[in-house]
Amino acid sequence: MSFATVDDVLSGKTAVGEQVTVRGWVRTRRDSKAGISFINVHDGSCFDPVQVVVPNELDNYESEVLRLTTGASVAVTGVVAESAGKGQSFEIQAEKVHVYGFVDDPDTYPMSPKPHSMEYLREFAHLRARTNVTGAVMRVRNCLSQALHRFFHERGYLWVATPIITASDAEGAGELFRVSTLDMMNLPRTEQGDVDFSKDFFGKEAFLTVSGQLNVETYACALSKVYTFGPTFRAENSNTSRHLAEFWMVEPEVAFADLNDIAYLAEDMLKYAINAVLEERADDMAFFQQRIDKGVLDRLNHVVSNKFVHMDYTDAVEILQNCDQQFNYPVSWGTDLQSEHERYLAEVHVGAPVVLKNYPKDIKAFYMRQNDDGKTVAAMDILAPGIGEIIGGSAREERLERLDSRIVEMGLNADDYSWYRDLRRYGTVPHAGFGLGFERLVTYVTGMTNIRDVIPFPRAPKSAEF
RNA sequence: UCCCCAGUAGCUCAGUUGGUUAGAGCGGUGGACUGUUAAUCCAUGUGUCGUAGGUUCGAAUCCUACCUGGGGAGCCA
C-alpha cells in the first residue's frame, strides 16, 4: 500500500492491481442499486477526478459512504483497475473509505455541483479552489510561473529579489500605498503642521513598490542578466477586468542590450511559457477550450508558431489613420493610443500579439533611451488581442547628460534619483528591460475574461476579503 | 474616478402600462431505476424582492441617495 495522487492513478503511473491510498475531496457521488457507489475524488494533481467504486459490503457503507456529499474529505484505499465504464481509463476499487470530514448542511455548501458564475465564486475565494475552473487556472498559473523561472535560469539570468518596501516615491508608475507605523489617530506633527515622517518606522515616508525596475537596473549593471519576479502594488482606483491592486510582475533587465534584443527576449519568453503550458497542462487547456474560450488553443498555437509582428509607433499611427475603422477618439502622432486603437492593431490588423516600438518621448517615462531623431524613445509595448498591453519595456537612458535633461524637462528632482544617476556616472553601459504583467499572461493563456479569477485572493478597490 | 447595465429562493434567472396568494430550472432532501459519470424519472421545502428614504389607497415594479457586482473608459502591467 502506498499513497498516490489522482494524477498517478489516471496517468497510469500506478500499476493495475496495485493497492494505493488516494486522499482528496468528493466532487460527486452516484449510487447504483447494483450494490456499488461511484465517488469522484479530486486532489488538485490534475484536472480530472478519479472514480472510486465503493461496494456496499464496506462496514461504513450505509453509515458514512452514503452520506458523502460534494466537498467531503476522504482517504480511499483500494486496488487500481482498468475502468469498466466510459469516461476514464483507470479507477479505484475501494477496500476502505476513511472520512476525514463531512460537509455541514450540504444544502448551503457554496460549491454545489452545478454551474456557478465567476462572480459568485469570487465571493468564496477560500473554497473556489475546489472547483474545476479555479483548480485548472491555478495549475496553469503554476506552470507558467515555473516555466518563466526555467526560461531565465537556462539562459543564465539571476533572479534578484528587489524590495517590496520603497522609500522612493519617484518611481513614477502609479499611485502608491503608504507603509507606516504611525498612530493614525494621533499623528506627530512638525512645527509647520505637516505630518512628521521622521518619527515613522523608516524615518521617512515609505511605500509599497510599484515596480522593481529601478532597483533591478542596479544589479543588471553588475551581474549583466537579471530579472525580478514578485508582487507589485498600485493604489490606482482602477475598476476593470485587467487591473489588480496587488499583482505579480516579471521584469528582466539586460546589460549591453538594446530595444530589439529585449523585444526578441520577450517573444522567446512568451513562446517558451506558452509551450510549457501546452505540453504540461493539456488536460486543463482542454477544459478552457471547451468551457471558457473556444478559440484559446488556436490562439496559443498561432502565437508559438509565428514570428511576432514588429511595428513602429509612427507606422501604427499611419495604419490607424488610413484604415476603414471608425474610432471614438482621433489618432494623431504624439498622443497615446487609446484602447480601441490598440485593440484594432492587435485584434484586427495583425490578429496576434504585436510589438509596438519607438514612441514619442513626451508620452513615456523619463528613463527611456532617447532616439537619434530627437522625437522618440526606444520603448516597446506588446499588445495581446483581448488583453491589451501585456508587456511594456524600453532601452534605458545610459547617458547621464541625456537622462538629466529629461529629468529637468519633466519637472523631476535630480536629487531623488541620486543612486540611479550613479549608475550612469560609474561605468555606465547600455541596457534594456521590460515588465510582464503575470496575471495578464495567465488571463491570456487560459482565456479567462477577468484578472480577478486568475490570482488566488484578488485585491482591488473596495475588495480585500480573505 | 466617469458612462451604461444589473441586484428577486442555496445558485442562475423570469416576473413592471403599480393591484390582492412572487414563479421556473438547477442544487439539496426523500424515493424509483441504473457500471454510473453534466445521469434519468417521481416527490418535496425555501423568499427582509441589495440598503435607506420618498410618491401612492396600494411598490419587486415609479423617484432619490447609497452599497455591491458586471460591461466600457481613463490609469497601467
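Parameters and conventions
Residues numbered from 1 in each chain as written. Chains lettered and ligands numbered in written order. Predicted model: local features only at pLDDT ≥ 70, side-chain atom pairs only at ≥ 80, totals over all residues. Heavy atoms only, no water. Domains from an automatic or database assignment. Contact = heavy atoms within 4.5 Å. Buried area = accessible area lost by both parts, 1.4 Å probe. Salt bridge = Lys/Arg side-chain N within 4 Å of Asp/Glu carboxyl O. Polar contact = N/O pair within 3.5 Å; in protein donor to acceptor, adjacent residues only side chain to side chain. Helix = DSSP H or I, 4+ residues; strand = E, 2+ residues; numbered from the N terminus. Expected span 1.5 Å × (residues − 1). Axes fitted to C-alpha atoms, helices over the stretch in contact; angles between N-to-C directions. Nonpolar A, V, L, I, M, F, W, Y, C, P; charged D, E, K, R; others polar. Core = buried A, V, L, I, M, F, W, Y, C linked by side-chain atoms within 4.5 Å. Buried < 20%, exposed > 50% of the residue type's maximum accessible area, 1.4 Å probe, protein only.

(A) A look at the domain arrangement of chain A. As far as domains go, chain A holds domain 1 (6–101) and domain 2 (132–174 + 210–453). Domain 1 and domain 2 are separated by 45 Å when their C-alpha centres are compared. Tallying the contact residues gives five residues for domain 1 and seven residues for domain 2. Counting each side, the surface lost to burial between domain 1 and domain 2 is near 480 Å², with a carbon and sulfur contribution of 56%. Along the contact surface separating domain 1 from domain 2 lie zero salt bridges. Here domain 1 is connected to domain 2 by three residue pairs in polar contact (both at pLDDT 80 or more).

(B) Here's a closer look at helix α5 (residues 259–280). Taking 1.5 Å per residue, 22 residues should reach 32 Å; α5 reaches 32 Å between its end C-alpha atoms and fits that length. The opening residue of α5, the one whose side-chain oxygen lies 3.2 Å from the backbone nitrogen of N260, is D258.

(C) Spatial organisation of the packing of helix α7 (residues 296–305) against helix α12 (residues 438–446). Direction vectors running N to C along α7 and α12 enclose 115°, while the axes themselves pass 8 Å from each other. Side by side, α7 and α12 meet where V296, R299, L300 and V303 of the first sit next to Y444, V445 and T446 of the second. The class makeup of the residues in the contact of α7 with α12 is five nonpolar, one polar and one charged.

(D) Spatial organisation of the nonpolar core. One finds M380, I391 and L436 to be the most contacted residues of the largest nonpolar core, which totals 69 residues. In terms of residue count, α5 provides more of this core than any other element does, 13 residues in total. Not counting residues up to four positions away in its chain, the partners in contact with M380 are L259, I262, A263, A266, V355, L356, K357, Y359, I391, G392, G393 and F434.

(E) The arrangement of unusual backbone geometry in detail. Of note, the phi angle at F256 is positive, near 70°, even though the residue is not glycine. By the secondary structure assignment, F256 is in the loop between β12 (246–255) and α5. On the accessibility criterion, F256 (57% relative accessible area) is exposed. Even without a glycine there, the phi angle at N358 is positive, about 60°. Considering the arrangement of structural elements, one finds N358 in strand β14 (residues 354–360). Owing to a relative accessible area of 16%, N358 belongs among the buried residues under this scheme.

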